[in-house]
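# Examination of the molecular architecture
Residues per chain are reported as follows:
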Amino acid sequence: MNYTSTRGKSGEVLSSAHIIKQGLALDGGLFIPESIPSLTNDEISALCALSYPERAATVLAKFLTDYTYEELLLDCQKAYSEQSFVGGAAPLVRAKDGIYSLELWHGPTAAFKDMALQIMPRLLSRALQKTGEKRTALILVATSGDTGKAALEGYRDVDGIKIMVFYPVDGVSRVQKMQMATQLGDNVNVTAIYGNFDDAQTGVKVIFSNDDAKAYLDEKGYFFSSANSINWGRLAPQIVYYVSAYCDMLTSGEIAMGDKINVCVPTGNFGNIFAAYLAKLMGLPIGKLICASNQNNVLTDFLRTGRYDRNRDFHCTMSPSMDILISSNLERLLAFTAGKEKTAEYMDSLKNNGYYEIDAQVKAKIDESFCGYFADEQATAQTINKYYKENGYLADTHTAVALSAAEQYIAQTGDHTPMVVASTASPYKFAADVCVCLGLKRPEDDLDALDMLSKHTATEITYPLRGIAERKVRFTETVNADDMLDAVKRYVD
Ligand SMILES: *Cc1c(COP(=O)(O)O)cnc(C)c1O
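Worth saying up front: this structure is predicted, and the values here are computed from it rather than measured.

## Description of the site of the ligand
Lining the immediate surroundings of the ligand are 14 residues, of which Lys113, Gly268, Asn269, Asn272 and Thr424 lie closest. In this structure, an oxygen atom belonging to the ligand sits 3.3 Å away from a main-chain N or O atom of glycine 271. Bound to the protein, the ligand loses 95% of the 380 Å² it would expose on its own. Looking at the shell around the ligand residue by residue, the classes come out as 5 nonpolar, 8 polar and 1 charged.

## Observations regarding the packing of aromatic side chains
In this structure the tally under the stated criterion is 15 aromatic pairs. Directly above the aromatic system of phenylalanine 223 lies the positively charged group of lysine 21, at a separation of 5.7 Å from the ring centroid. Cation over ring: arginine 307 sits above tyrosine 355, and NZ or CZ is 4.1 Å from the ring centre.

## With respect to empty space enclosed by the protein
With the rule as written, the count across this model stands at 1 cavity of 30 Å³ or more. The volume enclosed by the largest cavity comes to roughly 30 Å³. For the largest cavity, the full set of lining residues is Thr267, Gly268, Ser293, Asn296, Val298, Leu299, Ile324 and Ser327. Grouping the constituent residues of the lining of the largest cavity by class yields 3 nonpolar, 5 polar and no charged.

## Some remarks on the sheet that holds strand S15 (residues 419–423)
A sheet is described by the order of its strands in space; here 6 strands give the open sequence S4-S5-S15-S10-S11-S14, paired in mixed fashion. The outermost strands of the open sheet, each flanked by one partner alone, are strand S4 (92–96) and strand S14 (370–374). Pairwise comparison of adjacent strand axes, ignoring direction, gives a mean angle of 30 degrees for this sheet. Looking at chain direction, strand S5 (residues 99–103) and S15 are connected through 5 bridges and run parallel. Along S15, the bridge assignment pairs isoleucine 99 with methionine 419. Against the sheet, helix H12 (residues 271–282) engages strand S10 (261–266), strand S11 (286–293), S14 and S15, with an angle of about 175 degrees to S11.

## Some thoughts on the packing of helix H17 (residues 377–391) against helix H18 (residues 397–413)
It is the contact of H17 with H18, at a shortest axis distance of 8 Å, that shows an interaxial angle of 90 degrees. In terms of their interaxial angle, H17 and H18 are classed as roughly perpendicular. Across from Ala379, Thr380, Thr383, Ile384, Lys386 and Tyr387 in H17, the residues of H18 making contact are Thr397, Ala400, Val401, Leu403, Ser404 and Glu407. Its residues placed into classes, the contact of H17 with H18 shows 6 nonpolar, 4 polar and 2 charged.

## Some remarks on the nonpolar core
Counting residues in hydrophobic clusters, the biggest one holds 109 residues, and the most contacted among them are Leu64, Tyr80, Tyr155, Tyr242 and Tyr356. A total of 13 residues in this core trace back to one element, the largest contributor, which is helix H11 (residues 232–251). The contact partners of tyrosine 242, leaving out residues within four places of it in the chain, are Leu102, Val263, Val265, Asn272, Ala275, Ala276, Ala279, Leu284 and Ala422. Judged by nonpolar contacts, the second largest core, of 22 residues, contains Ala110, Met318, Ala431 and Leu453.

## Concerning the pattern of salt bridges
Summed over all chains, the structure comprises 28 salt bridges. In this structure, glutamate 357 and arginine 307 form a salt bridge, with 3.6 Å as the shortest nitrogen-oxygen distance. Of this pair, glutamate 357 sits in strand S13 (residues 355–357) while arginine 307 sits in strand S12 (residues 307–309); the two residues are 50 residues apart in sequence, bridging distant segments of the chain. Each of Lys21, Glu133, Arg135 and Asp218 takes part in a single network of salt bridges with overlapping partners.

## With respect to the pairing of strand S6 (residues 136–142)
Where a strand is regular, its side chains alternate between the two sheet faces. Burial runs high along S6: 6 of the 7 residues are buried. Where S6 meets strand S9 (residues 222–225), 4 bridges bridge the pair, whose relative direction is parallel. Considered in S9, the bridge of alanine 137 is made with phenylalanine 223. Where S6 meets strand S7 (residues 161–168), 6 bridges bridge the pair, whose relative direction is parallel.

## What to know about the sheet that holds S7
Pairing within the open sheet is parallel, and its 5 strands lie in the order S9-S6-S7-S8-S16. Each edge of the open sheet is held by one strand with a lone partner, namely S9 and strand S16 (478–480). Direction aside, neighbouring strands of the sheet carry axes that sit 30 degrees apart on average. When strand S8 (residues 188–194) meets S16, the two strands line up parallel, connected through 3 bridges. Looking at the pairing, isoleucine 193 lines up with valine 479 of S16. Where helix H9 (residues 197–208) meets the sheet, its contacts fall on S6, S7, S8 and S9, and the angle it forms with S6 comes to roughly 150 degrees.

## A look at the packing of helix H14 (residues 330–338) against helix H15 (residues 340–353)
Relative to each other, H14 and H15 sit at 140 degrees, their axes nearing to 7 Å. On the basis of the axis angle, H14 is oblique to H15. Between H14 and H15 lies a crossing whose hand is right-handed. Judged by residue contacts, Glu331, Leu334, Ala335 and Ala338 of H14 engage Lys340, Lys342, Thr343, Tyr346 and Met347 from H15.

Reading the values: rules and limits
- Residues numbered from 1 in each chain as written.
- Predicted model: local features only at pLDDT ≥ 70, side-chain atom pairs only at ≥ 80, totals over all residues.
- Heavy atoms only, no water.
- Near = heavy atom within 4 Å.
- Polar contact = N/O pair within 3.5 Å; in protein donor to acceptor, adjacent residues only side chain to side chain.
- Areas by Shrake-Rupley, 256 points an atom, 1.4 Å probe, with all protein chains shown as cover.
- Nonpolar A, V, L, I, M, F, W, Y, C, P; charged D, E, K, R; others polar.
- Phe/Tyr/Trp six-rings, centres within 6.5 Å; stacked < 30°, edge-to-face > 60°.
- Lys NZ or Arg CZ within 6 Å of the ring centre and 35° of its normal.
- 1 Å grid on protein atoms, 1.4 Å probe; cavity = no way out; pocket = protein on both sides within 12 Å on 5 of 7 lines; lining within 4 Å.
- Points joined across faces, edges and corners; volume = space filled by probe spheres on them.
- Pairing = 2+ DSSP bridges.
- Helix = DSSP H or I, 4+ residues; strand = E, 2+ residues; numbered from the N terminus.
- Axes fitted to C-alpha atoms, helices over the stretch in contact; angles between N-to-C directions.
- Contact = heavy atoms within 4.5 Å.
- Parallel < 35°, antiparallel > 145°, perpendicular 65-115°, else oblique.
- Core = buried A, V, L, I, M, F, W, Y, C linked by side-chain atoms within 4.5 Å.
- Buried < 20%, exposed > 50% of the residue type's maximum accessible area, 1.4 Å probe, protein only.
- Salt bridge = Lys/Arg side-chain N within 4 Å of Asp/Glu carboxyl O.
- Left-handed = near helix turned anticlockwise from the far one by under 90°.

Honestly, that's just the spatial picture; any functional story needs more than this.
Here it is as structure tokens:
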């Protein structure tokens, strides 16, 4: 299986190991597979008897043809082990009649990024071997909190790779700071910077494009790489849990083989929901894909009108991982529905004008599979409260956006197809906000919110967040944004 750019300008035709190593196409586009492998009902039936790592290896083997099934199985067994995902990866929990919560946050950082970031570094490590790379990859990450921690856990102690994470010293919560500063692993570094997230991100971008820095690293036997969410190595593993959810529903008798399910996803960069679309294209019986947004509802408007317009106010919400105005992975959907030439035009228009408008034909094609709903802050809070009080289901702020969207969809369409809602974070990850939504007083220190939520709901703190205040801090350095490159050099020396 080969991969090409969504923009079709670079003419690259590359195999899976190469695109996982490279990340972005040379024309600025994203890599997509040349064809979609199929998943038959017989294959789905066979997967029902298998473990999550086996299901994952089977699905990934269809896309990552540079890797043997045995290699993928070994990596998946490590990535989705009982140790990393206590109680199993991606369990499906009934939230209420007809609505099932696909809990993607049982991994080491209590958020769904783990589902991809536990496996992607292993795929990259093998890709380096397969492409004959002798140097060590140095992953640089600028984070506003969650991605940094998930990347640190994913790359920790993976061969041939080191990782360095920069975060704004006053721009992350206490919980997030503690999670990163106490990170274990021999190949990790965490450095705070004076400044905000943009300063950190700009600093990383400047280092990436600095030729002297590249030469310095090369001399030391390193090269720069990124943990970016648009890498195919992060997207492909996300297809697996939709297949796995379908298997679990078959096994528990909620559906019969061939019955459709709908899927609702709290969306930011459009990666997670695009993975569900790929599962549908492969043949998984999915009806509608409901794209759920928070107050930053650029995708809701796009799916309703066909016009993508980022010229709008940016809102900081209590579902910060969805506070995004440019959803990068949407480009992959455009390539599949509008073709590469038009995709390149749309992306030019987005870059130059901040908007683009798709043709009626393209919109009709997208409408066959997608629809968009959003929940503002009040609707999100009400949903958390309602699900907890009426159904005993405790949702985090991101999952609540999707639960609200799913209910809006069902009320508006009368479509009662069983609905799988992607649950993307533990309620404890956003404990302070969840407490407030449940009517409690906001604690002054967000570390206290963990105990507060646990006491109030008589539930256990998700294990990666337990005892976090007592852990040993390993990383204490804070540097000026201008001195980030020096910090990198010190790290590789
Ligand atoms: C990243 C993230 C999302 C958004 O996922 P996309 O793939 O970017 O659409 C939603 N919820 C949480 C908790 C996240 O961390």
